[in-house]
Amino acid sequence: MQIGIIGLGRMGGNISVRLSRHGHDVVLFDRDPKVVSSVASRAERAQEAQGLQDLVAKLQAPRVIWVMLPAGKITEETIETLAASMESGDIVIDGGNSYYKDDIRRAATLREKGIHYVDVGTSGGVWGLERGYCMMIGGAKEAVDHIDPILSALAPGKGDVELTPGRDTPEFDSRAEQGYLHCGPAGSGHFVKMVHNGIEYGMMQAFAEGFDVMRNKNSKDLPEHERFDLNMADIAEVWRRGSVVSSWLLDLCANALAKNESLSDYTGQVADSGEGRWTIEAAIEEAVPVPVLTQALYTRFRSRTGNNFGEKLLSAMRFQFGGHVEQHATEPKHGAGVPEKN
């Protein structure tokens, strides 16, 4: 299948390469020509486009274009420009982390021209090239079915994850077992991904706080006979094996702690990319209490005014799964400050 891809950063570039490895033809564009050439050299079936109109011209109808750009103005302007050159039956996919209400509006606007709009909440970060991407999809069934070969190539597949008991009935979508799901109409994919990221904030915060408690068990403020000098890296490792809290996030904690148990490469200034805030806004609209998710977001705010070990571990996890690099007033280190694409 042929697809155009716009935005060749960490995830957009790897998505292009993964699709080419699965036999799809990719037409690539990024505002940096050097990035286009670099990704094209890694992809097996790639064409380079010189601009948005050139990319549209290189695609056969019905065209499929995947936009992988930061949420906001640049995505908005790119989709508007594409729509002016595309035709009825073409499909625009927003694979970034756009606000779901923007998706609903864009889909309605493009529908007037007969252009399909599909929002794909994409999780997998810098590991997706090899592991595959978990995808939450919103849009018309006709459009989602058309791009299924693209989605199935990007998805991780069943792997060695055991099937959940009771799912062997027609009422369940078997694609979920492959790592991608058509959630509903336009906007629903990014809505589910938004809540996914809100949950991610809470899970990361729980690990950060727990490890911070253990690290400070050797505090001079405690009676000497109650102090423990605990090895954080070893604890993370043992929890990975048979523990109730074993998870990919714990794997990333273990990676970071094995490399540098003090996490001195991190400042602990932890960014938030919008999805956490939007999740809480949705909860307020629905009158659903979300104290854990709210506190996790507020902790990220606080981290920018003074940091502890737990916030350094949050930064370490973000760098591990998404390559997010810290930015602060003096010298950039790992972790915070870059919009998340996970």
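Residues numbered from 1 in each chain as written. Predicted model: local features only at pLDDT ≥ 70, side-chain atom pairs only at ≥ 80, totals over all residues. Heavy atoms only, no water.

Another aspect to go through is the overall build of the protein. The helix and strand inventory of the protein stands at 14 helices and eight strands. What you see for the protein is a C-alpha radius of gyration of 21 Å, in line with the 20 Å of a compact globule of 342 residues. Along the first, second and third principal axes, the C-alpha atoms of the protein reach 75 × 50 × 40 Å. Relative to its full complement of 342 residues, the protein shows a buried share of 50%. Considering only residue pairs separated by 6 or more positions, the protein has 66% of its internal contacts joining residues 24 or more positions apart. Approximately 16100 Å² of the protein is accessible, and the part contributed by carbon and sulfur atoms is 53%. Mean positive and mean negative side-chain charge positions of the protein (36 and 47 charges, respectively) differ by 3 Å. (Helix = DSSP H or I, 4+ residues; strand = E, 2+ residues; numbered from the N terminus. Rg over C-alpha atoms; globule rule 2.2 N^0.38 Å. Buried < 20%, exposed > 50% of the residue type's maximum accessible area, 1.4 Å probe, protein only. Contact = heavy atoms within 4.5 Å. Areas by Shrake-Rupley, 256 points an atom, 1.4 Å probe, with all protein chains shown as cover. Lys, Arg positive; Asp, Glu negative; His and termini not counted. Charge placed at Lys NZ, Arg CZ, Asp CG, Glu CD.)

Summarising the element assignment, R106 is placed in helix α5 (residues 100-111). The residues contacting R106, other than those within four sequence positions of it, are G72, T75, E76, I79, D94, S98 and Y117.

The tally for this structure, following the rule as stated, stands at zero disulfides. There is no disulfide at C134, and the cysteine sulfur nearest it, in C183, is 8.9 Å away. Note on C134: relative accessible area 35%, which makes it partly exposed. Not part of a disulfide, C253 finds its nearest cysteine sulfur in C134, a span of 20 Å. (Disulfide = S-S within 2.5 Å.)

Purely geometric stuff here, so don't read any function into it on its own.
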